[in-house]
Amino acid sequence: MSKLWGGRFTKKTDQLVEEYTASILFDKELAEEDIAGSLAHVTMLGKCGILPLEDVGKIKGGLLKVQSKIRLGEMEFTVGDEDIHMNIEKALIEEVGPVGGKLHTGRSRNDQVATDMHLYLRKRVVEFVGLLNTLQEALIGQASQNLDTIVPGYTHLQRAQPILFAHHLMAYVSMFQRDIERLQDSYKRINVLPLGAGALAGTTFPIDRHFVAEQLGFDGVYENSLDAVSDRDFIIEFLSNASMIMMHLSRFSEEMILWSSTEFRFIELDDAFCTGSSIMPQKKNPDVPELVRGKTGRVYGNLFGLLTVLKSLPLAYNKDMQEDKEGMFDTVRTLQGALQLYAPMVSTMKVNKERMRQAVNQDFSNATDIADYLVNKGLPFRQAHEVIGKTVLYCIQNEKFLLDLKLEEYHQFSELFEADIYAVLQPEQVVNARNVYGGTATGQVSAAISRAEVVKAKTDEWFQEYYNKSK
C-alpha cells in the first residue's frame, strides 16, 4: 500500500530516511489514546453532519476491531507507516475499505499527536498521585510506630540535635505532599484539548471542538490553534515535576543507604529489596535505593533534552518535536518503577531503636540545650555559647560526654550549673523541649501525623475522582 500522504511525491522515500524519521518504534505506546481520540473525533463528524452516520458507524466498528487486535498483540506495526496514527489508519482501511480514509477529515497528525499525549499524561499524573499517596501511607505508618525512637539529627552530616525518627520521616511526607500538589495543579494544564486545531490554523469543516472535549473528558480546548499544535509545556511541566519527585526520592535513598550501612546500623532493609555480591558472601547491598539515586540523572536528562529541543523552534509544528516522546515515556517508566518499589521497601524496613539511642547517648547533640539552660539562668547567649564550647572541648580531651561530667566539673566553666542540668540533658527532655508547631516534640509530631492523615484522605478522594475521569 502506498503512503497515505504520497500523492504529491514522485519518488519513493529512501529506506534510511524512512527508518530515521519513523516514530512507530516508540509512539506505538500511544495506541489506546490514538483510538480513543479517533472515536471521539468521528462521533463528532457524524454529529455535525460532516460524515454520513452510516460511514461513522463503519469507522467506529473498524476502530474497535483494530483496538482489539492491538490488545491481543495481533497488530503488526511497520516502520513504513511511520507512526502510530498512520499505522492505525492503514489498519482501519484494511478493515472497512476506503471509507476508513474519511476518519482524517477535519484534523491533522499535528493536533492528533498532541491530543494523544494529553490523554496519555493525564492518566500518568493521576497514577503518580496515587503512588505518592501510597508512599506517604508507608512513611506515616513507620512514623506512628516510632514516636518513641530518638535518632541523631544532622547538619553538614555532623550530629546536630536529637530528634524523633518519626519527625525525620514526616519531613519526607511533607516533601511528597508538595509533589502531589504540583501534579494536581499540572492536571488542569494537561486536561485541555488540542484536537480541531488542524495542522496549525484550524479547519474549514464545521467541527465542534467542545463536543469532542466533552466526549474525552477534557475541561476545555486550546484558545489558539498555533499554540495547540506547538505547545509542549505540559510535557516539560511533567518532566520537571518528575525530576523533583526523583530528587526527593534520591535524597531519601542516600539516607537509606547510609542508615543501613555497618557504620550507622540504624535500619535494615528487607531482603526482598536487596541483593548480594558475586564474590563476598557477607554482603547485603541496598540496590533499590542506589538505583533510584542513579536513575534520577536520566530523569533530569529527559527534562533538559526537551527544553533544549524546544528552545529555538519557530511556530508551529516541526519534526524536531518528535523528540518529545521517548524521554517522556522513559521518565514515566523510571518514576513508576521507583514509586512502586519505595512504599513496600519503607513499610518493611526494620528500625534499630537501640542503635539509634546508643548513637544519641554518644555525642554532643544535647549541647545546645545547655546553652539554652544558661540563657534561662540569665547569661547572654553568646557567652553561654562560649561556655559550652569550652565544656565540649574538655569532654573531648577527657574522652567523656556531657552526661558523664560531675557537677564540680561543670562548675569549672560556670557557677550557674546546678543539679537539674542532668534532667535537661536527657534525650527525651531535649526532644520534648522543642514543643513548637512543626518541632520534634512527641506531641507535635503526633499532631503532625494526624494532620497528614487528614490530607492523605483528601488525596485519596481526589485520586478516586480523577482516576475515573482519566480512564
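Reading guide: rules and limits
- Residue numbers run consecutively from 1 along every chain, following the written order of its sequence.
- Where totals are concerned, whole chains, interfaces and linings use all residues; where local detail is concerned, this predicted model gives features only for residues with pLDDT of at least 70, and gives and counts side-chain atom pairs only at 80 or more.
- Derived side-chain values reflect all non-hydrogen atoms in the structure, with water molecules and hydrogen atoms excluded from consideration.
- We define a salt bridge as a side-chain nitrogen of Lys or Arg found within 4 Å of a carboxyl oxygen belonging to Asp or Glu.
- What counts as a helix is a DSSP run of H or I of at least four residues, what counts as a strand is a run of E of at least two, and both are numbered from the N terminus.
- Whether a residue is buried, partly exposed or exposed follows from its accessible area with a 1.4 Å probe, protein chains only, as a fraction of its type maximum: under 20%, in between, or over 50%, in that order.
- Stacked, edge-to-face and tilted are the three classes for Phe, Tyr and Trp ring pairs, Trp counted by its six-membered ring, which pair at centre distances within 6.5 Å; planes under 30 degrees apart are stacked, over 60 edge-to-face, the rest tilted.
- Placement of a positive charge over a ring is assigned whenever Lys NZ or Arg CZ falls within 6 Å of the ring centre and within 35 degrees of the normal to the ring plane.
- In this analysis an axis means a line fitted to C-alpha atoms, helices contributing only their contacting stretch, and an angle means the value between N-to-C directions, from 0 to 180 degrees.
- Comment on the angle field: the value is read as roughly parallel under 35 degrees, roughly antiparallel over 145, roughly perpendicular from 65 to 115, and oblique elsewhere.
- Two helices cross in a left-handed way if the nearer one is turned anticlockwise from the farther one by less than a right angle. They cross in a right-handed way if the turn is clockwise.
- Any two residues whose heavy atoms approach within 4.5 Å are treated as being in contact.
- Note that Gly is not counted as nonpolar here; it falls among the polar residues with everything else outside the nonpolar set of Ala, Val, Leu, Ile, Met, Phe, Trp, Tyr, Cys and Pro and the charged set of Asp, Glu, Lys and Arg.

A.B. asks: What should I look at first to understand the pattern of salt bridges in this one?
C.D. replies: Charged atoms that come close allow side chains of opposite charge to pair. The full count for this structure, using the stated rule, is 31 salt bridges. Two residues, R159 and D363, come together in a salt bridge whose shortest N-O distance is 3.7 Å. Here R159, found in strand 2 (residues 158-164), pairs with D363, found in the loop between helix 13 (353-361) and helix 14 (367-376); they are 204 residues apart in sequence, far enough to count as distant. Of the residues examined, D363 reaches a relative accessible area of 7% and is grouped as buried. Linked through salt bridges whose partners overlap, the residues forming this network are D185, K188, R189 and E237.

A.B. asks: So what exactly am I meant to see when it comes to the packing of aromatic side chains here?
C.D. replies: Aromatic ring pairs are described here by two measures, namely the spacing of the ring centres and the angle between the planes. Evaluated as defined, the whole model comprises 18 aromatic pairs. Taking the centre distance of 5.5 Å and the plane angle of 45° together, the rings of F364 and F401 count as tilted. Here F364 is found in the loop between helix 13 and helix 14, whereas its partner F401 is found in the loop between helix 15 (381-397) and helix 16 (407-411), with 37 residues between them in sequence. Looking at F364, the relative accessible area reads 22%, which means it is partly exposed. Here the aromatic cluster, defined as three or more aromatic residues joined through ring pairs, consists of F165, Y172, F176, F252, W259 and Y342. Across from the ring centre of F211, 5.1 Å away, lies the NZ or CZ of K47, which sits over that ring. Between the NZ or CZ atom of K469 and the centre of the ring of Y466, over which it lies, the distance is 4.7 Å.

A.B. asks: Would you mind showing me how to read the packing of helix 6 (residues 109-145) against helix 10 (residues 233-259) here?
C.D. replies: Think of two packed helices as two axes; the pair is described by the angle between the axes and how far apart they sit. Between helix 6 and helix 10, the least distance of the axes is 11 Å, while the angle of their chain directions is 20°. Looking at the two axes, helix 6 sits roughly parallel to helix 10. Considering the relative orientation of helix 6 and helix 10, their crossing is left-handed. Of helix 10, the residues touching helix 6 (which contributes A114, M117, H118, L121, V125, F128, L132, L135 and L139) are F234, I235, F238, I245, L249 and F252. Residues belonging to the contact of helix 6 with helix 10 are distributed by class as follows: 14 nonpolar, one polar and no charged.

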